[in-house]
Number of protein chains: 2
Amino acid sequence: MIGAGNVATHLAKALAGAGKRIEYVYSRSERSAAALANRVMAKIAVQPEDLPANSDLYIVALPDAAIADVVGRLQLDNNLIVHTSGTLPAGILAEASSNFGVFYPYQTFSMARALDFRHVPLCIEAGSNDNETRLCSLAADISSSVHLIDAEKRAVLHIAGVFACNFTNMNYVIAEEMLRENGIPFDIIKPLIRETASKVMGFSPSAVQTGPAVREDLNVMKRHLELLNSKPEYAELYEMFSNLIISEKKKNG
Amino acid sequence: MIGAGNVATHLAKALAGAGKRIEYVYSRSERSAAALANRVMAKIAVQPEDLPANSDLYIVALPDAAIADVVGRLQLDNNLIVHTSGTLPAGILAEASSNFGVFYPYQTFSMARALDFRHVPLCIEAGSNDNETRLCSLAADISSSVHLIDAEKRAVLHIAGVFACNFTNMNYVIAEEMLRENGIPFDIIKPLIRETASKVMGFSPSAVQTGPAVREDLNVMKRHLELLNSKPEYAELYEMFSNLIISEKKKNG
């Protein structure tokens, strides 16, 4: 396992939990490597060059910007190597081995939060049928949701996830900040957050939009913008979203 | 029950389910009034003037802009009247009765989606202790989450909800559109949407932010902006959110 951050840690734990042996963990931070190695009973590689050349699979779960450098330092015997990036082409691994692919878990991972990996969609790409079969088989050992996804579709998934997850979480941050500044506990908004997500498990989000913008309730929107007077970035976001919601409504008739 | 939209319908069903009798339903749309009246075994008032003057409680669950007109046409015997608006002051009801208050359910309601009302926070405001007691008691009959919330805090809750719910749902709409345009089923993103919401049930959202912006992964962000080239509003939203996430991270050290 090359990397010891959020993705590497959750993935290594899931693999170890399915009885796969993690031989080595390498991380640019030795401390992170030690923490993960300890959890999955692996050895630590202090340098990429310390990794053995004969493992079945090398998983590169590093930030995109760090991958090329580390991959350039690996000495493999043409073994299978994959990365977990939503954005990079598989070919960035070609320097290390001619057997390369992608093993992209489509989920948001935080160290502190445990997660049932069986429900994490795994997006697989491989250059050969043989490697595809191997990766799909491994993926099926830890998840019930395995998909063959090419580079173009993977990029679309990634950016859609940035909106649905990362930007949504920022909306939660904004809400939490507003509540905190007014002495209201965050707990009171949790049922609303939960229901907003639960709704779209069974309905298209465009069919269940609610709020002042979709009702074109201009008085409420004006009042809200006045309340956001002291936070110009939030006011700008408010206007942009409201306009998008109104045009989306018109688009759907 | 004055109104027969999303809020009125869910609230009337919850009240009827708790053994309260809904005597009459009035809606500006007679068809909506008939649909709701039918569900809760109530009579229909075709005009606000047709409502009886001796009900225990009048609940005005109308769009904000429609409230003043309808309230001006009610003929009450100083009975208790409440509205369900997050934005309007309770005093807008003073024309109808000197016993007025607010009964604000803090949730997103859609007609087609059933909901367990016991987990819906109910925000109560009343001008007198007596009315406060009556409204809290009624609220406790249908929900386990009853809160005394004044007008100022209610407005904050409302706008925080617009970000956490309405704008979040628009993020889901954007994600769904991108996936659909690339032939990817919406189902694949559902575990991510669910986990993003579930995470903040136990963690502060600012502690679990993930994605390229919080990692300041400029290459990924640049690539995403290129992919959004044909959708300038989404690109603008992308930049704005990414900047907010980066400054939030710096704020928290």
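What comes next is a walk through the structure. If you're wondering where the values come from, they're calculated on a predicted model, not measured in any experiment. (Residues numbered from 1 in each chain as written. Chains lettered and ligands numbered in written order. Predicted model: local features only at pLDDT ≥ 70, side-chain atom pairs only at ≥ 80, totals over all residues. Heavy atoms only, no water.)

1. Quick look at the pattern of salt bridges
The tally for this structure, following the rule as stated, stands at 30 salt bridges over all chains. Residues Lys-20 of chain B and Asp-141 of chain B are paired through a salt bridge, measuring 2.7 Å at the closest nitrogen-oxygen approach. Here Lys-20 of chain B, found in the loop between helix 1 (6-17) and strand 1 (24-26), pairs with Asp-141 of chain B, found in helix 4 (residues 129-142); they are 121 residues apart in sequence, far enough to count as distant. Under the relative-accessibility criterion, Asp-141 of chain B is labelled partly exposed at 34%. Put simply, Glu-248 of chain B and Lys-251 of chain B hold a salt bridge, and the shortest N to O gap is 3.3 Å. Residue Glu-248 of chain B and its partner Lys-251 of chain B are both found in helix 8 (residues 232-251); the two are separated by three residues, about one turn of the helix. Using a relative accessible area of 10% as the deciding quantity, one classes Glu-248 of chain B as buried. By relative accessible area, which is 56% here, Lys-251 of chain B ends up exposed. In this structure, a network of salt bridges that share partners links the residues Glu-177, Glu-181 and Lys-231 of chain A together with Glu-248 and Lys-251 of chain B. (Salt bridge = Lys/Arg side-chain N within 4 Å of Asp/Glu carboxyl O. Helix = DSSP H or I, 4+ residues; strand = E, 2+ residues; numbered from the N terminus. Buried < 20%, exposed > 50% of the residue type's maximum accessible area, 1.4 Å probe, protein only.)

2. Structural notes on the packing of helix 5 (residues 151-181) of chain B against helix 8 of chain B
Residues and elements named next belong to chain B. Contact geometry of helix 5 with helix 8 gives a least axis separation of 13 Å together with a crossing angle of 130°. By the angle class used here, helix 5 and helix 8 are oblique. For the element pair helix 5 and helix 8, the recorded crossing hand is left-handed. Residues Asn-171, Ile-174, Glu-177 and Met-178 of helix 5 touch helix 8, and the partners they reach there are Tyr-234, Leu-237 and Phe-241. In terms of residue class, the contact of helix 5 with helix 8 is made up of five nonpolar, one polar and one charged. (Axes fitted to C-alpha atoms, helices over the stretch in contact; angles between N-to-C directions. Parallel < 35°, antiparallel > 145°, perpendicular 65-115°, else oblique. Left-handed = near helix turned anticlockwise from the far one by under 90°. Contact = heavy atoms within 4.5 Å. Nonpolar A, V, L, I, M, F, W, Y, C, P; charged D, E, K, R; others polar.)

3. With respect to the sheet that holds strand 7 (residues 146-148) of chain A
All names here are of chain A. With respect to topology, five strands assemble into an open sheet ordered 3-4-5-6-7, the strand pairing being mixed. If you trace the sheet from one side to the other, it starts and ends with strand 3 (57-60) and strand 7, each paired once. Here the average twist between neighbouring strands, direction ignored, is 25°. Summarising the sheet, strand 4 (residues 80-83) and strand 5 (residues 100-105) pair through three bridges and their orientation is parallel. (Pairing = 2+ DSSP bridges.)

4. Section: the sheet that holds strand 3 (residues 57-60) of chain B
In a beta sheet, neighbouring strands are held together by backbone hydrogen bonds and run either parallel or antiparallel to one another. Residues and elements named next belong to chain B. Taken in spatial order, the five strands of this open sheet run 3-4-5-6-7, and their pairing is mixed. Either end of the sheet is taken by a strand with one partner, and the two such strands are strand 3 and strand 7 (146-148). Within this sheet the neighbouring strands show an average axis-to-axis angle of 25°, counted without direction. Across five bridges, the pairing between strand 5 (residues 100-105) and strand 6 (residues 122-126) is antiparallel. Across the sheet, Phe-103 pairs through a bridge with Ile-124, a residue of strand 6.

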